[in-house]
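# Residue-level structural notes
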Amino acid sequence: MSEWVLILGGSTGHGAATAKRLAKDGYGIIAFHFDRGEAKKLAAETITEVNETTGGRCHYFNTNAAAEETMDKYITQIKEITGGEPVKLLLHSIAFGTTTNFFGEKPVTQRQMDMTVHVMGNALLYWTQKLYAEGLLANGSRVMGLTSEGNYVAMEGYGPVSVAKVAMEAIIRQIGWELGQYGITANAVQAGVTPTRALTKITEGWEAWIENTKKRNPMRRNTTPEDVAGTISMLLKPEADFINCSIIYCDGGESRSGSF
Ligand SMILES: NC(=O)c1ccc[n+]([C@@H]2O[C@H](COP(=O)([O-])OP(=O)(O)OC[C@H]3O[C@@H](n4cnc5c(N)ncnc54)[C@H](O)[C@@H]3O)[C@@H](O)[C@H]2O)c1
């Protein structure tokens, strides 16, 4: 138990920083990413670093982790890697969805909504169900997902992802409620606005957004992936065993500070 963590979306941003941090903490890393073109280079850098830190206890798979076939195909492999032992953490850190408004020039379609909510929300449930059924989540395991202020604030281009975040929070709450009796907890970490690859795709005005957020943040800076990784590392300690069905804020107080 407690030797391995499984990260969905572990090549860049929050997932990569968490992989690097948990590798330093002594965990073996199993991660999925879905990178093409230039992004593959960034992924390769992360994998090299995590591989070195873990002394080879590192398995990255470049494939769509939200597809049911992927889950079914790789769960056997995950079981082999951990020797049948449960993972300490299942983290959902996937950013893959449609960023467009509901109205205007490119109104979101049903297909785009369904895809976004599935990949960024529901997929966490199906992974949890399958891992649990195989005994890969057990007493002491954590299920976590990343949410954002966009779960209750309307923002330019963020509508579909916002719906996915709300779905994910509900899924996490319900997982923790049902599996808490077995010592498995589920929590969401709410990160502040963080300059990552995903953020640049939400709106063309992302640079101004980052600058304005710095001014609004009580700590006068943006959230970094390392902040989030540190929070997740802390939540894996035994002292956090009783934190369940919660949203933990890692944003310097940003979400408590009004815009101006
Ligand atoms: N950046 C922010 O401001 C911010 C704030 C709060 C929450 N979040 C959340 O954090 C999570 C991670 O986003 P990020 O900002 O680190 O973005 P990112 O683009 O840097 O990372 C996204 C990761 O998801 C992977 N990925 C994408 N589609 C995938 C798929 N189908 N299967 C497997 N892997 C896939 C990518 O390969 C990459 O590893 C997202 O859920 C995002 O909504 C981000």
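Note: the structure precedes this text.
All of the points below concern the structure found in this document. (Residues numbered from 1 in each chain as written. Predicted model: local features only at pLDDT ≥ 70, side-chain atom pairs only at ≥ 80, totals over all residues.)

## Details of the overall build of the protein chain
The helix and strand tally for the protein chain stands at eight helices and seven strands. Since a compact globule built from 260 residues should have a radius of gyration of about 18 Å, the 17 Å found for the protein chain is in line with a globular shape. Overall, the protein chain is about 50 × 40 × 40 Å in size when its C-alpha atoms are taken along their principal axes. Within the protein chain, the proportion of its 260 residues that are buried is 47%. Considering only residue pairs separated by 6 or more positions, the protein chain has 76% of its internal contacts joining residues 24 or more positions apart. (Helix = DSSP H or I, 4+ residues; strand = E, 2+ residues; numbered from the N terminus. Rg over C-alpha atoms; globule rule 2.2 N^0.38 Å. Buried ≥ 20, exposed ≤ 12 C-beta atoms within 10 Å, placed from the backbone. Contact = placed C-beta atoms within 7 Å.)

## With respect to the packing of helix α3 (residues 68-82) against helix α4 (residues 110-133)
Where α3 contacts α4, the two axes come as close as 11 Å, and the packing angle between them is 25 degrees. When the axis of α3 is compared with that of α4, the two are roughly parallel. At the point where α3 passes α4, the crossing takes the right-handed sense. When α3 is examined against α4, the residues Glu68, Met71 and Ile75 are found in contact with a partner set consisting of Tyr126, Trp127, Lys130 and Leu131. (Axes fitted to C-alpha atoms, helices over the stretch in contact; angles between N-to-C directions. Parallel < 35°, antiparallel > 145°, perpendicular 65-115°, else oblique. Left-handed = near helix turned anticlockwise from the far one by under 90°.)

## Some remarks on the nonpolar core
The biggest cluster of nonpolar side chains holds 65 residues, and the ones touching the most others in it are Val5, Leu6, Ile29 and Leu90. Every residue in contact with Leu90, bar those within four places of it in the chain, is listed here: Leu6, Trp127, Thr128, Leu131, Leu137 and Val143. (Core = buried A, V, L, I, M, F, W, Y, C linked by C-beta atoms within 7 Å.)

## What to know about the site of the ligand
Of all residues adjacent to the ligand, which total 30 residues, the nearest are Gly9, Gly13, Phe96, Thr196 and Ala198. Those elements giving two or more residues to the shell around the ligand turn out to be α1 (13-24), β2 (28-33), α4 and α6 (197-200). (Near = placed C-beta within 6 Å.)

Geometric descriptors of this kind do not, in isolation, establish any biological role.
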